[in-house]
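# Structural characterization, general
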Amino acid sequence: MNEQADVGYRDFQRWHTSVEVAFWVALFTLNTVFNCIVAQIDDARTAAWEPWVRESSSALLVLLLIPFVKVAERRWPFRFDTWRHSLPWHLLASVAFSLVHVAGMVGLRKLAYGMAGHHYHFGAWWPNFGYEYLKDIRSYFTIVALICLSRLWLLRQQGEAKLLAEPDDGPPVEPVERPERFLVRKLGKEFLLNASEIEWLQAAGNYVNLHVRGRDYPLRSTMAGIEARLDPARFLRVHRGYFVNLDYLAEIEPLETGDARLRLRDGTTIPCSRRYRAALRERYGGQPAAGE
């Protein structure tokens, strides 16, 4: 693997949220400025401040609604194999997006116009909402497209794990149902990852993240699907969304709720629910592990 690219990706992950917020703010700020300049050119009779109030109120509401779009995209992933199922839900979400957007920006415009001693008139609600929705559905799906593109870029930088498939000819080199290695694709290259190197696994939507030496490799699978493929002598489910490699478990800290907190060798902590804690104790032959 390219070490420089690896360091660059880790640096980006550290600032990911700040970079994402800055991107959306910069994008909508530029769009607002351009729209205001065009509006002033198209109608020179309008007061100079009016286009700025109209455009900035709209942009501000869209920015506030981006987390809603991200939640909707996570709930109904928009990918090649899921878009037919997801599209109707996103169309419904776009209606809710537009209703909140229009109601919010009208409220902000009324407030701004009132402070300037003027009256803002939106007009008849339904005809005007239909016009606004045609613009909002374009904005909604543009945001979804940008979210999907950013995810594809991150997967390419991060690397995506895949299960080894059976060869077309001849028997597999190693067990396919319980793989000893995973195929990882990253930056156009492929390499094999030993299952024993996986420290813990975490559910993430339609993926299961394989955590290896501070990196996450998403594997398209459900927790139930990956459980059948993991070596039960090494991996144990400790939570609805977590598996742990017992070779890396350093300490079990019991909690008053009956749950537990697991500490790995590198200091990472993982939740262990009461439901799975008994199985963890049985694995240690009924003897308390370090920290219990």
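Residues numbered from 1 in each chain as written. Predicted model: local features only at pLDDT ≥ 70, side-chain atom pairs only at ≥ 80, totals over all residues. Heavy atoms only, no water.

## Quick notes on the sheet that holds strand E11 (residues 269-272)
- Pairing in this open sheet of three strands is antiparallel, and the strands run E9-E10-E11 from one edge to the other. Each edge of the open sheet carries a strand with a single partner, namely strand E9 (249-254) and E11. When the angles between neighbouring strand axes are averaged without regard to direction, this sheet yields 25°.
- Of the pairings in the sheet, the one linking E9 to strand E10 (residues 260-264) comprises five bridges and is antiparallel in character. In the strand pairing of E10, Glu253 is matched with Arg261.
- In the packing of helix H7 (residues 274-283) onto the sheet, contacts are made with E9, E10 and E11, and the angle to E11 comes to roughly 105°. (Pairing = 2+ DSSP bridges. Helix = DSSP H or I, 4+ residues; strand = E, 2+ residues; numbered from the N terminus. Axes fitted to C-alpha atoms, helices over the stretch in contact; angles between N-to-C directions. Contact = heavy atoms within 4.5 Å.)

## A closer look at the side chain of Arg237
- Topologically, Arg237 is positioned in strand E7 (residues 235-239).
- Reaching out from Arg237, the side chain makes a polar contact with the side chain of Glu227 at a distance of 3.4 Å.
- Here the side chain of Arg237 touches His239 through a polar contact of 3.2 Å, landing on its backbone oxygen.
- Setting aside anything within four residues of it in sequence, one finds Arg237 in contact with Met223, Glu227, Tyr242, Phe243 and Tyr276. (Polar contact = N/O pair within 3.5 Å; in protein donor to acceptor, adjacent residues only side chain to side chain.)

## Section: the pattern of salt bridges
- Taken as a whole, this structure holds seven salt bridges when the rule is applied.
- Two residues, Lys70 and Glu20, come together in a salt bridge whose shortest N-O distance is 2.6 Å. With Lys70 in helix H3 (residues 49-75) and Glu20 in helix H2 (residues 16-42), the pair connects residues that are 50 residues apart, well separated along the chain.
- Between Glu253 and Arg261 there is a salt bridge; the shortest N-O distance is 3.0 Å.
- The partly exposed category is assigned to Arg261, whose relative accessible area is 32%. (Salt bridge = Lys/Arg side-chain N within 4 Å of Asp/Glu carboxyl O. Buried < 20%, exposed > 50% of the residue type's maximum accessible area, 1.4 Å probe, protein only.)

## Topic: the packing of aromatic side chains
- Within the structure shown, the criterion is met by 13 aromatic pairs.
- With centroids separated by 5.2 Å and ring planes inclined at 0°, the aromatic side chains of Trp76 and Trp89 adopt a geometry described as stacked. Linking Trp76 in the loop between H3 and helix H4 (83-115) with Trp89 in helix H4, this pair joins segments that are 13 residues apart in sequence.
- Overall, Trp76 belongs to the buried group, its relative accessible area being 17%.
- Ring centres of Tyr140 and Phe141 lie 5.2 Å apart, and the angle between their planes is 75°; on these two criteria the pair is classed as edge-to-face.
- Three or more aromatic residues link up through ring pairs in this structure, and these residues are Phe122, Trp125, Trp126, Phe129 and Tyr133.
- The aromatic ring of Tyr248 is capped on one face by Arg265, whose charged end is 5.6 Å from the ring centroid. (Phe/Tyr/Trp six-rings, centres within 6.5 Å; stacked < 30°, edge-to-face > 60°. Lys NZ or Arg CZ within 6 Å of the ring centre and 35° of its normal.)

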